[in-house]
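Residue strings, one per chain:
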Amino acid sequence: MTESWTALAWGIAALGWFVALMLVLAWQRARAGNGPDAPPPNGGIDPLSKLPDRVRFLDATAREVNRSQRAGHPLSVLLIDAGQLRWFNQHYGYDGGDRLLRHVSSACIGCVRDFDLIGRFSHKEFTVLLPDATLADARLAAARLEAAITANSITLKDGRVVPVTVTIGIATLENETDTADDLLIAADHALTRVRSAQAADA
């Protein structure tokens, strides 16, 4: 009888160790699936604008910064602020805000070159990376883009037509040691200066 109880105890202990091992393996797989190298659940695409999301855009920007620095080519970026988004959401509901964002993303897609990179940078900001573009080139691209965005108004679900405005910050890769973050921070600072100038003129 003692031997039977001993065998049963060992069996229960072995089963416990087996269950614990399975739990540890499952936890490790879950951690690996949520790690920095795991593919995002949406494939890196923003579901509303159908553009690369922030993470995917930043990855592409880091590679392009490295390529431009090695080749000695210029690289510029546009940071487009759909500043009306909150106002659209408040006055026309989230459907109105969504229409604004899709309008801006569509204009970006229609204005850029085949090898330019576009992304949804934040809830109301879009980015366009311009390889082989100087600051002068980027200013021309920004002017074309702003004209395309503002040339067409947004038609709401109820038929009302609402004009669109945007603010664009422009920056160019300055130094060999600059990173993708440096480039985008410079564009954000430029965007802030444009907003300040617009507020002063208002």
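As the structure is a prediction and not an experimental result, all values here were calculated from the model.

Basis of the calculations
Residues numbered from 1 in each chain as written. Predicted model: local features only at pLDDT ≥ 70, side-chain atom pairs only at ≥ 80, totals over all residues. Heavy atoms only, no water. Buried < 20%, exposed > 50% of the residue type's maximum accessible area, 1.4 Å probe, protein only. Helix = DSSP H or I, 4+ residues; strand = E, 2+ residues; numbered from the N terminus. Pairing = 2+ DSSP bridges. Polar contact = N/O pair within 3.5 Å; in protein donor to acceptor, adjacent residues only side chain to side chain. Contact = heavy atoms within 4.5 Å. Axes fitted to C-alpha atoms, helices over the stretch in contact; angles between N-to-C directions. Parallel < 35°, antiparallel > 145°, perpendicular 65-115°, else oblique. Left-handed = near helix turned anticlockwise from the far one by under 90°. Expected span 1.5 Å × (residues − 1). Arc of directions from axis to C-beta. Nonpolar A, V, L, I, M, F, W, Y, C, P; charged D, E, K, R; others polar.

Taken across its seven residues, strand S1 (residues 75-81) has seven buried, putting it largely inside the fold. Alternating positions in S1 separate into two faces, Leu75, Val77, Leu79 and Asp81 on one and Ser76, Leu78 and Ile80 on the other, with burial throughout. Relative to strand S6 (residues 167-172), S1 runs antiparallel, the two being bridged by six bridges. Counterpart to leucine 79 in the pairing with S6 is glycine 169.

Here we take up the side chain of serine 76. Residue position: serine 76 is located in strand S1. For serine 76, the side chain forms a polar contact with the main-chain oxygen of alanine 133, separated by 2.7 Å. Each residue touching serine 76, except ones within four places of it in the same chain, is listed here: Val128, Leu129, Leu130, Ala133, Thr134, Leu135, Ala138, Ala171 and Thr172.

Attention now goes to the packing of helix H3 (residues 85-111) against helix H4 (residues 135-151). Contact geometry of H3 with H4 gives a least axis separation of 9 Å together with a crossing angle of 135°. Between H3 and H4, the angle is such that the two are oblique. Where H3 crosses over H4, the handedness of that crossing is right-handed. Contacts from His103, Val104, Ala107, Cys108 and Cys111 of H3 reach H4 at Arg144, Leu145, Ala148 and Ile149.

Now for the sheet that holds S1. Ordered by their spatial adjacency, four strands build an open sheet running S2-S3-S1-S6, and the pairing between neighbours is antiparallel. Strands with a single pairing partner mark the edges of an open sheet, and in this sheet they are strand S2 (117-120) and S6. Adjacent strand axes in the sheet meet at a mean angle of 15°, parallel and antiparallel pairs treated alike. On the sheet, helix H2 (residues 54-71) packs against S1, S2 and strand S3 (125-131) and is oriented at approximately 20° with respect to S3.

Attention now goes to H4. A rise of 1.5 Å per residue sets the reference length of H4, with its 17 residues, at 24 Å; its end C-alpha atoms lie 24 Å apart and thus fit the reference within 8%. Residues of H4 that are buried: Ala138, Ala141, Ala142, Leu145 and Ile149. Viewed along the axis of H4, the buried residues span an arc of 105°, placing them on a single side of the element. In H4, the exposed residues that point more than 90 degrees away from the buried face are Arg139, Leu140 and Ala151. Residues of H4 that are buried sit in contact with S1, H3, S3 and S6.

The subject of this paragraph is the packing of H2 against helix H5 (residues 180-201). Running from N to C, H2 and H5 point in directions that differ by 110°, and their axes come no closer than 9 Å. Considering the angle they form, H2 stands roughly perpendicular to H5. Residue-level inspection shows Phe57, Leu58, Thr61, Ala62 and Val65 of H2 in contact with H5, the latter providing Ala180, Leu183 and Leu184. Here the contact of H2 with H5 is built from residues that sort into seven nonpolar, one polar and no charged.

Checked against the element boundaries, aspartate 116 lands in the loop between H3 and S2. Here the side chain of aspartate 116 touches arginine 113 through a polar contact of 2.7 Å, side chain to side chain. In contact with aspartate 116, other than residues within four places in its own chain, are Val128, Leu129, Leu130 and Pro131.

Okay, the pairing of S2 next. Sheet analysis places S2 next to S3, joined by four bridges and oriented antiparallel. Its bridge partner lying in S3, isoleucine 118 is registered against valine 128. Here S2 hands over to S3 after four residues, the two strands then running antiparallel side by side.

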